[in-house]
Amino acid sequence: MDEFNTIDKVQALFAAVNGLGNDNHFFVACQDKQKVTGAAAGMEYPYDGLLINSCERGLAMFYLKAGALSGLVTLSSPSKMTLDKANYIFVPAQNIKGVTIKKFALLNSKVKRISIDTADGKSHKLYARIEEKDFPYHANGFNAFVEKFGSK
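Below or above, wherever it landed, is the structure these notes cover. From a predicted model like this one, the values you see are computed outputs, not experimental measurements.

1. So, the overall build of the protein chain
(1) Moving on: In terms of regular secondary structure, the protein chain is built from 3 helices and 7 strands.
(2) Moving on: In the protein chain, the order of α-helices and β-strands from amino to carboxyl end is α-β-α-β-β-β-β-β-β-α.
(3) Moving on: When burial is assessed residue by residue, the protein chain has 45% of its 152 residues classed as buried.
(4) Moving on: Considering only residue pairs separated by 6 or more positions, the protein chain has 58% of its internal contacts joining residues 24 or more positions apart.

2. Some remarks on the sheet that holds strand β5 (residues 96–105)
(1) Moving on: With antiparallel pairing, the 7 strands of this open sheet are ordered in space as β4-β3-β2-β1-β7-β6-β5. Of all the strands in the sheet, the pair left with one neighbour each is β4 (82–92) and β5. Each neighbouring strand pair of the sheet contributes to a mean axis angle of 30 degrees, computed without reference to strand direction.
(2) Moving on: Relative to strand β2 (residues 49–55), helix α1 (residues 7–16) is tilted by about 80 degrees, and along the sheet it contacts β1 (25–31), β2, β3 (58–65) and β4.

3. Here we look at the nonpolar core
(1) Moving on: Counting 21 residues, the largest nonpolar core has Ile 52, Ile 114, Leu 126 and Phe 145 as its most contacted members.
(2) Moving on: Counting only elements with at least two residues in this core, the list comes to β1, β2, β3, β4, β5, β6 (108–118), β7 (123–129) and α3 (138–149).
(3) Moving on: In this structure Ile 114 touches Phe 27, Val 99, Thr 100, His 124, Lys 125, Leu 126, Tyr 127, Ala 128, Phe 142 and Phe 145, once residues within four positions along its chain are discounted.
(4) Moving on: In this structure, Phe 26, Ala 60, Phe 62 and Leu 64 belong to the second largest nonpolar core, which totals 18 residues.

4. So, the pattern of salt bridges
(1) Moving on: Taken as a whole and judged by the stated rule, the model has 5 salt bridges.
(2) Moving on: In this structure, Arg 113 engages Asp 32 in a salt bridge whose closest nitrogen and oxygen atoms are separated by 2.5 Å. Of this pair, Arg 113 sits in strand β6 while Asp 32 is found in the loop between β1 and α2 (39–44), placing the two residues 81 residues apart along the sequence. Here Arg 113 and Asp 32 have matching classes, each one buried.
(3) Moving on: The salt bridge partner of Asp 48 is Lys 33, with a shortest N-O separation of 2.8 Å. Pair noted here: Asp 48 is in the loop between α2 and β2 and Lys 33 is in the loop between β1 and α2, with a separation of 15 residues, a long-range link.
(4) Moving on: What makes Asp 48 buried here is its relative accessible area of 16%.

5. Observations regarding α1
What sets the pattern is the α-helix's 3.6 residues per turn: residues three or four places apart point alike.
(1) Moving on: Regarding α1, the residues found buried are Val 10, Leu 13 and Phe 14. Projected down its long axis, α1 shows its buried positions confined to an angular sector of 90 degrees, all on one face. When the buried face of α1 is taken as reference, the exposed residues oriented beyond 90 degrees from it are Asp 8 and Ala 16.
(2) Moving on: Considering only its buried residues, α1 is in contact with β1, β2, β3 and β4.

6. Some thoughts on α3
(1) Moving on: Counted at 1.5 Å a residue, the expected span for α3 with its 12 residues is 16 Å, and the 16 Å between its end C-alpha atoms agrees.
(2) Moving on: Those residues of α3 that sit buried are His 138, Gly 141, Phe 142, Phe 145 and Val 146. An end-on view of α3 places all buried positions within 135 degrees of arc, on one side of the element. Looking at α3, the residues exposed on the side facing more than 90 degrees away from the buried face are Asn 140 and Glu 147.
(3) Moving on: If you follow the buried residues of α3, they end up packed against β1, β2, β3, β5, β6 and β7.
(4) Moving on: In the stretch just after α3, Gly 150 is the one whose phi turns positive, near 80 degrees.

What counts and how
Residues numbered from 1 in each chain as written. Predicted model: local features only at pLDDT ≥ 70, side-chain atom pairs only at ≥ 80, totals over all residues. Heavy atoms only, no water. Helix = DSSP H or I, 4+ residues; strand = E, 2+ residues; numbered from the N terminus. Buried < 20%, exposed > 50% of the residue type's maximum accessible area, 1.4 Å probe, protein only. Contact = heavy atoms within 4.5 Å. Pairing = 2+ DSSP bridges. Axes fitted to C-alpha atoms, helices over the stretch in contact; angles between N-to-C directions. Core = buried A, V, L, I, M, F, W, Y, C linked by side-chain atoms within 4.5 Å. Salt bridge = Lys/Arg side-chain N within 4 Å of Asp/Glu carboxyl O. Arc of directions from axis to C-beta. Expected span 1.5 Å × (residues − 1).

This is how it looks when you write it as structure tokens:
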């Protein structure tokens, strides 16, 4: 977590891989294990969470890895994850087929379920809290992402 807990550190991470745009919105999201299951899913989506920059160029994402006991908790926390600098994804804006954002649960408005569908047939199933106290940049970045792609 210490590698991505401040805006300066996050900007430096994305700058190192040419993952910045003119209008950057940084946030963290966890893999929605209820929606992504099976051995094939683990190989196709080998992350527990993502550190995301949504910008006009597209979506830049670093893998986040959880500890061994993360599967025992219903909702994982990005603050307990480590950054995997070797694994980075960039989805150009023209390759984003669709983004859906909706409530995670009927009575829980503090968590959003996110589905990012890409032109290559992948569908990243994630969830994110509206606020992450350990990541001061998250709320502004995530709210801008929700505003851009709409919330249901």
